[in-house]
Structures are given as C-alpha cells and as structure tokens.
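Architecture at a glance
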Amino acid sequence: MKMNRIFKSGGILLTLGLAPFVLISAASAFRASAIPLPRLINPDELVKILHSKGEEPLMIQVGSHVLYSQAHIPGSEYIGPATTEGGLQQLRQRVGSLPRSKFIVIYCGCCPWSHCPNVKPADDALRALGFTNVKVLYIANNFGADWVDKGYPVAKGD
Amino acid sequence: MKAKLLICMALVAVCLGIYFLEHPCRPSSPHSAPADRALAPDFSLPELTGQRLSLSTYRGKVVLLDFWATWCDPCREEIPHFMELQSKYRDRGFQIVGVSMDDGPEPVRDFYQRFKMNYPVVMGNAKIGELYGGVLGLPIAFLIGRDGRIYGKHIGATDITVFEEEIISLLQKGKIA
C-alpha cells in the first residue's frame, strides 16, 4: 500500500517534471527547430557556394523588411514574414513559375533559431509546391551575430 | 530502494523542467557585452496614434527601450512582464518605450489593444536600427539611465528579474555600478 502511494506520487512528480518539455516540444513543432537537419545549410557553406562558380541559389529573406533594410545577403530578395499569410502568398507568387528543381535558400535570422517563426512555414510552403532543392540557412542566434559579425558579405537597403 | 530512486528521479525531472522553463536555451552573443555608457541616440518616431514620440522627452527618467515585433514569440512573451514593471515603477520615474520592427502598424495596433499595453509603442525603421548599432535580431532591449546614457543591452528573451534588478539599481543610484 505504502509502496503504491510512493510510486503514485513519484509518477505524478515525473509527469509534472516532463510536462514543460512536452509543451516546449509541441510549441517548437511550428518553429525552425522542427526542420530536419539535412534541409539546413550553414552560413559558411552558403558563403562557399556564393564564391564558387556553381549554380547560384535564389536566396529569399522571409523575415521583417526593417531587418532586411539594415542588412541582408547580397542578391537575396525580400518576401515578407512567412509567419503571415501575406508573406506566404508573396513567396508562392515569387517561385510559382520556377522549375521545381531550382536551388532555393531561405533565411530569416530575426530570432534565436528555436524561436524563429518564419523559416518553417516558408520551407513547408516551398515543399508543398514541389520544390526539391530547398535549403534553410541555419542562423543560431540572429543575422547580426551569425552573419554580419562573422564578416560575411552584406548589403543594405531595399 | 526502487521507490527512493524513482522519487529522486522524479524530483530531478521537476527541477530540470522548472529550470528549462525559466531559462530557455539561447546561445550567448557578443552583443550581450556590458554597455559602453554611450548616449542613447535620440529619435522622433510615430506612435500608433500617429503622434510623434521623442526619446528626449523622457530625459530624467529611467527608460527601457524595447525593440520587438508582433510575430516574434520571445518578444511577445516579454510584454506582460514589461507591463508589470511599467505599473510597478512608473511612479519612481521609470518608462518603457516599445519600438516595433513590424513592417506596418496594423498588427501592432491590434496587439496593443488586445493586450492593453500600458506604455507607448512607436513604429521603428532601418534608420533607428542602425542608430542603435544594428537591430539584426529580436528582441533587443536597452536600459537608459536618467542621464540619457545606455547602461544595459540585452539580446534575446531575458529573464525579467535581470531587467528588474537593473531598473531598481538605475532608479536608486542613477546608474548601474
């Protein structure tokens, strides 16, 4: 009887302890951290590609225009926050006529990776349209710390 | 023996759960370095009402300047705590000013009304971002002393107790030691 009570209270405590993790996991399913690793590209890998003579990807910033105006990857295009329906529509329009094998890199860098609300919906939308060569730029902290401060190429303005 | 072990494991799980809720994983950034006590650049930007707000209006008060956006989860999570701080320390000379980095005022207006925010919010732009050293990630909050100088810069969601300690220190001593 006593053992039963002990196991029961232990079970309750264990459940309470795990609850935050379950909640966090559920919330993060819609965030960047839910994107599988093979779909990611690191900043240094992208810089190498940009410096090479291979196919240059279509680079799309799916975050805020105010952030884009301050600094963005040269040649990349601003689409709008993919967390909004307007942003997703813009994205679909932009890529609609492209071959589904087109190399596309999407990025945001608004927030720490686990909190970025924009790249996952953009990645999902592109895959739903049938694009097979999409990479998401992995920005651990934010665009300032992980791109600008690293000395990678930057452009300003619209 | 097994029961004790199970209880110990459960307690550890509870503690870990609480810890990770209170301290969400976020990598440190070089931007988190202590402030350089530079004068906070003044600005005049439109509030949601259309009136213009100048930072210099608040000279003599301790100001928390919060760069945020409605679509930024960690930004949104901080706002109820900021509202509490605003209510708690307003009479002692504390003022929060939100700078929205949203692309337009509509979602900000909705958010402001829905959450009954109790401090002014202005619409930011690239220029103010550059004035403050580049706002290239959200949220970013600056703590400005009564003398108009920057005493703290916090990148990413920051524990509210950190803000409160710094605010109290600035209110009491005029600056953070």
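Residues numbered from 1 in each chain as written. Chains lettered and ligands numbered in written order. Predicted model: local features only at pLDDT ≥ 70, side-chain atom pairs only at ≥ 80, totals over all residues.

1. Quick look at the sheet that holds strand β1 (residues 40-41) of chain A
All names here are of chain A.
- Pairing is parallel in the open sheet, where five strands are placed in the order β1-β5-β4-β2-β3. Strands at the two margins of the open sheet, each flanked by one partner only, are β1 and β3 (77-78).
- Pairing of β1 with strand β5 (residues 134-137) involves two bridges; the strand directions are parallel. The partner of Leu 40 across the bridge, within β5, is Val 136. (Pairing = 2+ DSSP bridges. Helix = DSSP H or I, 4+ residues; strand = E, 2+ residues; numbered from the N terminus.)

2. Re the pairing of strand β4 (residues 94-100) of chain B
Residues and elements named next belong to chain B.
- Within β4, six of the seven residues are buried, which leaves the element mostly enclosed by the surrounding structure.
- Two strands pair when backbone bridges link them, and strand β3 (residues 62-68) and β4 are joined in this way by seven bridges, in the parallel orientation. Bridge pairing links Leu 64 to Ile 96 in β4.
- Crossover handedness for the path β4 to helix α3 (residues 106-114) to strand β5 (residues 121-123): right-handed. (Buried ≥ 20, exposed ≤ 12 C-beta atoms within 10 Å, placed from the backbone. Right-handed = clockwise from strand over helix to strand, strands pointing away.)

3. Quick word on the packing of helix α2 (residues 73-89) of chain B against helix α5 (residues 160-173) of chain B
All names here are of chain B.
- The interhelical angle for the contact between α2 and α5, taken along N-to-C directions, is 25 degrees, at an axis separation of 11 Å. With respect to α5, the axis of α2 lies roughly parallel. Considering how the two elements wind past one another, α2 and α5 form a crossing that is right-handed. In contact with His 81, Leu 85 and Tyr 89 of α2, α5 contributes Ile 160, Phe 163, Glu 164, Ile 167 and Leu 171.
- Residue classes in the contact of α2 with α5 are distributed as six nonpolar, one polar and one charged. (Axes fitted to C-alpha atoms, helices over the stretch in contact; angles between N-to-C directions. Parallel < 35°, antiparallel > 145°, perpendicular 65-115°, else oblique. Left-handed = near helix turned anticlockwise from the far one by under 90°. Contact = placed C-beta atoms within 7 Å. Nonpolar A, V, L, I, M, F, W, Y, C, P; charged D, E, K, R; others polar.)

4. A word on the pairing of strand β2 (residues 58-61) of chain A
All names here are of chain A.
- Pairing analysis gives four bridges linking β2 to strand β4 (residues 104-107), with the strands arranged parallel. If you follow Ile 60 over to β4, its bridge partner there is Ile 106.
- For β2 and β3, the ladder comprises two bridges, and the chain directions are parallel. Looking across to β3, one finds that Gln 61 is bridged to Tyr 78.
- Handedness of the crossover joining β2 and β3 through helix α3 (residues 65-70): right-handed.

5. Digging into α5 of chain B
Residue and element names in this part refer to chain B.
- For α5, which comprises 14 residues, the first-to-last C-alpha distance of 20 Å matches the rise-based estimate of 20 Å (1.5 Å per residue) to within 8%.
- Three or more residues of α5 are buried, namely Phe 163, Glu 166, Ile 167 and Leu 170. Mapping the buried residues of α5 onto a view down its axis gives an arc of 100 degrees, with all of them on the same face. Turned more than 90 degrees from where α5 packs its buried face, Thr 161, Glu 165, Gln 172 and Lys 173 sit exposed.
- Elements in contact with the buried residues of α5: β3, α2, β4, β6 (140-144) and β7 (150-155). (Expected span 1.5 Å × (residues − 1). Arc of directions from axis to C-beta.)

6. Brief notes about the nonpolar core
- The biggest cluster of nonpolar side chains holds 81 residues, and the ones touching the most others in it are Val 62, Leu 91, Ile 106 and Val 119 of chain A together with Met 101, Leu 138 and Ile 144 of chain B.
- Take this core: its biggest share by element is six residues, from β3 of chain B.
- When near neighbours in sequence (up to four residues on either side) are disregarded, Val 62 of chain A contacts Ile 79, Pro 81, Ala 82, Gly 87, Leu 91, Ile 106, Cys 108, Asn 118, Val 119 and Ala 122 of chain A. (Core = buried A, V, L, I, M, F, W, Y, C linked by C-beta atoms within 7 Å.)

7. Some details on the environment of Gly 134 of chain B
- Inspection of the secondary structure assignment puts Gly 134 of chain B in the loop between α4 (126-131) and β6.
- Sequence separation between Gly 134 of chain B and Glu 164 of chain B is 30 residues; the distance between their C-alpha atoms is 25 Å.
- Not counting the four nearest positions on each side in its chain, Gly 134 of chain B is found in contact with Gln 70, Ala 71, Gly 144 and Val 148 of chain A together with Gly 129 of chain B.

By themselves, these observations are geometric and do not establish any function.
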